[in-house]
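Architecture and fold: a report
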Amino acid sequence: MDSRMQYFLVQMWNVFWYTSVVFIVLLIVKYFWQRRKLYWLGYCLDGPPTVFLLGNGLIFNCKEEVLFQKMSNIVDTYSSPARFWLGPKLVIVLKTASDIEKVLTSPYANDKDDIYRFLKVFNGLSLFTTNGTMWKRHRRHVTPFLGRKYMDSYLERMKKNCIKLVEKLDNLVDKDDFDIDHSLRRCYNDIVTETLTGHNPAAQEGYLDYFIALLHEGYVLVHARMMKIWLHPDFLFDRSSNGHRQKFISNEVREFFKKSIHANKENAKRDNEFVSIYENLLQAQEKNNVIYKNDNLIDHLVTLFSASEDTTTTICSFLLVLLGMYPDVQNRVVQEIKDVIDEDIENLTFKQLTELKYLDMCVKEVIRLFPIGPYILRKLSADVNLGKVVLPKDTTVVLSFYSVQRSKEHWQKPNEFYPEHFLPEYASLRHPYAFLPFSAGPRSCPGQIFAYAAIKIVTVMVLQSFIITSKGKLKDIKVKGDISIRPIDGFNLKLRRR
Ligand code: HEM
């Protein structure tokens, strides 16, 4: 190769190299520009003056009085166009019942924060991931089928699966401590899938263990992405091994629902009494195609499934472990079950479940201590007046339900398992926004009736057959948080035949 040719090639290489560098820099600038509002500068009301990292931003924790003095400055700065466009997103963490009430009753706090976009990979366009009119349409479409009217029919399916659960647990009687989460998760996967699609996937026979493990991996990936700034760029994440894995899991989940719907159609001739949520959604869509048009009902199924399977399993596991730690409470629940239902599970109705008032108090106390959604994020679509200060449009508010549900101001024994917190005489005096496990307002959880029914029926049937014992006390439970809160050491307990 002569020297001119060599010179030419070197120059070409340099051009290629510098163009690539400029191109990559431009891509990074474009990404940061587009996503600039995903970087937080936050202020947390009511707390010692510390700084902590929440997901992808710094939150300055300071005393409420100090913050409100500073607040007018902050709000003025954010109202200036330069800071508004160039500065990081403004995040305010609210921890008091009255502040949370003002946000949740405002018509300008119904939109989810941008960070929920990472759920789209699983949930598509559905309740979790949409805002505005599209969200309203989905909400009107889905919520009726989670109402009281349908509970007796769902209860029949729940009972059948609980009978199987009791059979399976019978093999573990008098054995060493074991983690109840595994058996409950299988049971709730059967309950939820059957309610949603009409098909029972036989999770309790072990047919779904691989799928359950995949699901958990999927939840962990989504949560990690929400929390870690370096996993945010789609361009990089989609090409990473985690990105490929997430896509694979998402496809598997969707395939699972398509197969379940198909399997139910095959079985429909044998059992045509039960109408699944999918069939109801389909009928409603056919009747009101213009209003309810959603290209993919699978998005709704995946959303309802992911919203219910893990939450009910986790809360019920916490409840059984706590009943094992507090035998007096367990005995009271057992007595109440005898009084209201006796042994007559076959004829058990949804109404009877609602009459189990003490069990209800126990479930509430567990969700108070371990709220599955310890905080939620909303983006304000207009200024919201907190009284002391006006939060500007586009602020992200973090509503910390965990703080308010453990606050001395509202609870006699904030860090203890004390179902009496929910005695009507105490509950009626409490601030209505001091207990918000299902959030409140138009975007509150539409599945709470279903959740209470599913948790109560499993507890009733387990307690009718077994005495639970678990070691330690509430204070010994150390929790970790991924997409839900769960104990680091698992939900360990021991069973004896009752
Ligand atoms: C103990 C169980 C449960 C708890 C503690 C719980 C809690 C919550 C909370 C706090 C929210 C608000 C989230 C936010 O605004 O970011 C929510 C939303 C939601 N939940 Fe639940 N949930 C539970 C069970 C269920 C069940 C069983 C279903 C369905 C059958 C369900 C379906 C949903 C849906 C679809 C939303 C989104 C609502 C919307 O944005 O319009 N949840 N849940």
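Just so it is clear, the structure is predicted and the values come from calculations on it, not from any experiment. (Residues numbered from 1 in each chain as written. Predicted model: local features only at pLDDT ≥ 70, side-chain atom pairs only at ≥ 80, totals over all residues.)

Observations regarding the overall build of the chain
What counts here: Secondary structure follows DSSP: runs of H or I at least 4 residues long count as helices, runs of E at least 2 residues long count as strands, and numbering of each begins at the N terminus. Exposure classes come from backbone-placed C-beta atoms, where a residue is buried if 20 or more other C-beta atoms lie within 10 Å of its own, exposed if 12 or fewer do, and partly exposed in between. C-beta atoms are first placed from the backbone for all residues, and any pair lying within 7 Å is then listed as a contact.
Scanning the chain for helices and strands turns up 20 helices and 14 strands. Residues classed as buried in the chain amount to 38% of the 498 residues present. If you take every contact in the chain between residues at least 6 apart in sequence, the share linking residues at least 24 apart comes to 73%.

So, the site of the ligand
The condition is simple: Placing the C-beta atom from the backbone, one calls a residue near a molecule or strand if that atom lies within 6 Å of it.
Of all residues adjacent to the ligand, which total 24 residues, the nearest are Ala-307, Ser-308, Gly-373, Cys-445 and Gly-447. If you list the elements that add at least two residues to the shell around the ligand, you get α14 (297–325) and α20 (448–465). If you tally residues by element for the shell around the ligand, the top one is α14, at seven residues.

Digging into the nonpolar core
Put simply, the rule is: Defined on buried residues, the nonpolar core groups Ala, Val, Leu, Ile, Met, Phe, Trp, Tyr and Cys residues joined through C-beta atoms within 7 Å.
One finds Leu-319, Val-366, Ala-454, Ile-457 and Val-458 to be the most contacted residues of the largest nonpolar core, which totals 83 residues. No other element matches α14, which puts 15 residues into this core. Ignoring anything within four residues of it in the chain, the contact list for Ala-454 reads Met-158, Tyr-188, Ile-191 and Thr-312. Core analysis: the second largest hydrophobic core is formed by 24 residues, Ile-100, Val-103, Leu-380 and Val-397 among them.

As for helix α6 (residues 132–142)
Operational definition: Directions are taken from the helix axis to each C-beta atom, and the arc is the one they span.
Looking at α6, one finds that the buried residues are Trp-135, His-138, His-141 and Val-142. Down the axis of α6, the smallest arc covering the buried residues is 125°, so these residues share one side. Exposed and oriented more than 90 degrees from the buried face of α6 are Gly-132 and Thr-133.

As for the UniProt feature "transmembrane region" (unreviewed entry) in the chain
Here is the rule: UniProt positions are given in the numbering used here, feature names are shortened, and annotations may be inferred rather than shown by experiment.
UniProt marks residues 15–33, 40–60 and 449–468 with the feature "transmembrane region" (unreviewed entry), using the numbering shown here. As annotated, residues 449–468 comprises 85% helix and 15% strand, and the C-alpha atoms at either end are separated by 26 Å.

Topic: helix α7 (residues 151–170)
Side chains of residues three or four places apart in an α-helix project in the same direction, reflecting 3.6 residues per turn. Put simply, the test is: How far a helix is expected to stretch is found by multiplying one less than its residue total by 1.5 Å.
Spanning 20 residues, α7 covers 28 Å between terminal C-alpha atoms, matching the ideal 28 Å at 1.5 Å per step. Within the span of α7, buried status applies to Met-151, Tyr-154, Leu-155, Met-158, Asn-161, Cys-162 and Leu-165. All buried residues of α7 project into a common sector of 135° when viewed along the axis, lining one side. Every exposed residue of α7 that faces more than 90 degrees away from the buried side is listed here: Glu-156, Glu-167 and Asp-170. Taken together, the buried residues of α7 touch α8 (181–197), α16 (350–355) and α20.

Digging into the environment of Leu-429
With respect to the helices and strands, Leu-429 occurs in the loop between α19 (424–427) and α20. For Leu-429, a count of 8 C-beta atoms within 10 Å gives the class exposed.

As for the sheet that holds strand β6 (residues 178–179)
What counts here: Strand pairing is assigned whenever DSSP identifies at least 2 bridges connecting the two strands. Lines fitted to C-alpha atoms define the axes, with helix axes restricted to the stretch in contact, and inter-axis angles between N-to-C directions lie between 0 and 180 degrees.
Taken together, the three strands give an open sheet; going across it, the order is β6-β14-β11, and neighbouring strands pair in antiparallel fashion. This sheet does not close on itself; its edge strands, each paired only once, are β6 and β11 (466–469). Where β6 meets strand β14 (residues 492–497), two bridges bridge the pair, whose relative direction is antiparallel. For Asp-179, the partnering residue across the bridge sits in β14 and is Asn-492. Sitting on the sheet, α14 touches β11 and β14, and the angle it makes with β11 is about 80°.

Digging into the UniProt feature "binding site: heme" (unreviewed entry) in the chain
The UniProt record marks Cys-445 with the feature "binding site: heme" (unreviewed entry), using the residue numbering of this structure. Summarising the element assignment, Cys-445 is placed in the loop between α19 and α20. Excluding its chain neighbours within four sequence positions, the residues that come into contact with Cys-445 are Phe-438 and Ser-439.

A look at the packing of helix α9 (residues 209–227) against helix α11 (residues 241–267)
The criterion, for reference: Convention used here: angles under 35 degrees read as roughly parallel, angles over 145 as roughly antiparallel, angles from 65 to 115 as roughly perpendicular, and any remaining angle as oblique. What makes a crossing left-handed is the near helix being turned counterclockwise from the far one by less than a right angle; a clockwise turn instead makes it right-handed. As a working rule, the residues Ala, Val, Leu, Ile, Met, Phe, Trp, Tyr, Cys and Pro are called nonpolar, Asp, Glu, Lys and Arg charged, and the rest polar, with Gly in that last group.
Where α9 contacts α11, the two axes come as close as 10 Å, and the packing angle between them is 130°. Judged by the angle between their axes, α9 and α11 are oblique. Crossing handedness for the pair α9 and α11: left-handed. Residues Phe-211, Leu-214, Leu-215, Glu-217, Gly-218 and Leu-221 of α9 lie in contact with α11, whose contacting residues are Asn-242, Arg-245, Gln-246, Ile-249, Ser-250, Glu-252, Val-253 and Phe-256. Across the contact of α9 with α11, the residue classes break down as seven nonpolar, four polar and three charged.

Digging into the environment of Glu-409
Note that Glu-409 resides in the loop between α18 (401–405) and α19. We classify Glu-409 as exposed; it has 11 C-beta atoms within 10 Å. Residues Glu-409 and Arg-430 lie 21 residues apart in sequence; the distance between their C-alpha atoms is 9.4 Å.

With respect to the packing of α8 against α14
Running from N to C, α8 and α14 cross one another at 150°; their axes reach a closest spacing of 9 Å. In the crossing of α8 with α14, the sense of the turn from one axis to the other is right-handed. Mapping the contact onto sequence places Asp-181, Leu-184, Arg-185, Tyr-188, Asn-189, Val-192, Leu-196 and Thr-197 in α8 and Leu-301, Leu-304, Phe-305, Ser-308, Glu-309, Thr-312, Thr-313, Cys-316 and Ser-317 in α14. Each residue belonging to the contact of α8 with α14 can be placed in one class, and the counts come to eight nonpolar, six polar and three charged.

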